[in-house]
Amino acid sequence: MASITVPTVAGVVLAATGAAHFVAPDAFRPITEPVFPDDTRTWTYRNGASELAIGTAIAIPATRKIGLVGLAAYVGFLGYRAVTG
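Read on for a plain summary of the structure. (Residues numbered from 1 in each chain as written. Predicted model: local features only at pLDDT ≥ 70, side-chain atom pairs only at ≥ 80, totals over all residues. Heavy atoms only, no water.)

Examining the overall build of the protein chain
Here is step 1 of the chain: Counting its regular elements, the protein chain contains 4 helices and 0 strands.
Here is step 2 of the chain: When the helices and strands of the protein chain are listed from N to C terminus, the series reads α-α-α-α.
Here is step 3 of the chain: With the principal axes as the frame, the protein chain shows a C-alpha extent of 45 × 25 × 15 Å.
Here is step 4 of the chain: Each of the 85 residues in the protein chain was classed as buried or not, and the buried ones make up 28%.
Here is step 5 of the chain: Of the contacts formed within the protein chain by residues at least 6 apart in sequence, a portion of 58% connects residues at least 24 apart.
Here is step 6 of the chain: The averaged location of the 5 negative side-chain charges in the protein chain is 11 Å from the averaged location of its 6 positive side-chain charges. (Helix = DSSP H or I, 4+ residues; strand = E, 2+ residues; numbered from the N terminus. Buried < 20%, exposed > 50% of the residue type's maximum accessible area, 1.4 Å probe, protein only. Contact = heavy atoms within 4.5 Å. Lys, Arg positive; Asp, Glu negative; His and termini not counted. Charge placed at Lys NZ, Arg CZ, Asp CG, Glu CD.)

Here's the deal with the pattern of salt bridges
Pairs can form between side chains of opposite charge once their charged atoms are near each other.
Here is step 1 of the chain: In this structure the tally under the stated criterion is 2 salt bridges.
Here is step 2 of the chain: Its salt-bridge partner being Asp26, residue Arg41 comes within 2.4 Å of it at the nearest N-O pair. Of this pair, Arg41 sits in helix α3 (residues 40-59) while Asp26 sits in the loop between α1 (6-23) and α2 (29-32), and the two are 15 residues apart along the sequence.
Here is step 3 of the chain: Among the residues examined, Arg41 registers a relative accessible area of 34% and is labelled partly exposed. (Salt bridge = Lys/Arg side-chain N within 4 Å of Asp/Glu carboxyl O.)

Structural notes on the packing of α3 against helix α4 (residues 64-84)
Here is step 1 of the chain: It is at 7 Å that the axes of α3 and α4 come closest, and there the two elements cross at 150°. Here α3 lies roughly antiparallel to α4, going by the angle between them. Handedness of the α3/α4 crossing: left-handed. Contact residues: Trp43, Asn47, Ser50, Glu51, Ile54, Ala57, Ile58 and Ala59 in α3; Arg64, Gly67, Leu68, Gly70, Leu71, Tyr74, Phe77, Leu78 and Arg81 in α4.
Here is step 2 of the chain: Tallied by class, the residues present in the contact of α3 with α4 amount to 10 nonpolar, 4 polar and 3 charged. (Axes fitted to C-alpha atoms, helices over the stretch in contact; angles between N-to-C directions. Parallel < 35°, antiparallel > 145°, perpendicular 65-115°, else oblique. Left-handed = near helix turned anticlockwise from the far one by under 90°. Nonpolar A, V, L, I, M, F, W, Y, C, P; charged D, E, K, R; others polar.)

With respect to α1
Here is step 1 of the chain: A rise of 1.5 Å per residue sets the reference length of α1, with its 18 residues, at 26 Å; its end C-alpha atoms lie 26 Å apart and thus fit the reference within 8%.
Here is step 2 of the chain: The secondary structure elements touched by the buried residues of α1 are α3 and α4. (Expected span 1.5 Å × (residues − 1).)

Things to note about the packing of α1 against α3
Here is step 1 of the chain: Two elements in contact, α1 and α3, have axes separated by 7 Å at closest approach and are oriented at 160°. When the axis of α1 is compared with that of α3, the two are roughly antiparallel. Handedness of the crossing formed by α1 with α3: left-handed. Across the interface between the two elements, Pro7, Thr8, Gly11, Val12, Leu14, Ala15, Thr17, Gly18, Ala19, His21 and Phe22 from α1 touch Thr44, Tyr45, Asn47, Gly48, Ala49, Glu51, Leu52, Ile54, Gly55, Thr56, Ile58 and Ala59 from α3.
Here is step 2 of the chain: In terms of residue class, the contact of α1 with α3 is made up of 12 nonpolar, 10 polar and 1 charged.

So this is what it looks like as structure tokens:
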């Protein structure tokens, strides 16, 4: 029986958070709006899709490396938007 690893759990949590953007988008408005003031709802869905895809990639060992690269790029993008927004 395979053990569940920290990256797998972290990936599942990130993917679930991404899915939550679609289920309860208003819950993410307070953190999305300051960084994406124009068309906040669309950006909420985009961010959710990104987190869902990246989290899924991290959760699966065969795609974990590309998921981590995607996570680094996503965090860099969000950081850039927060600073220049």
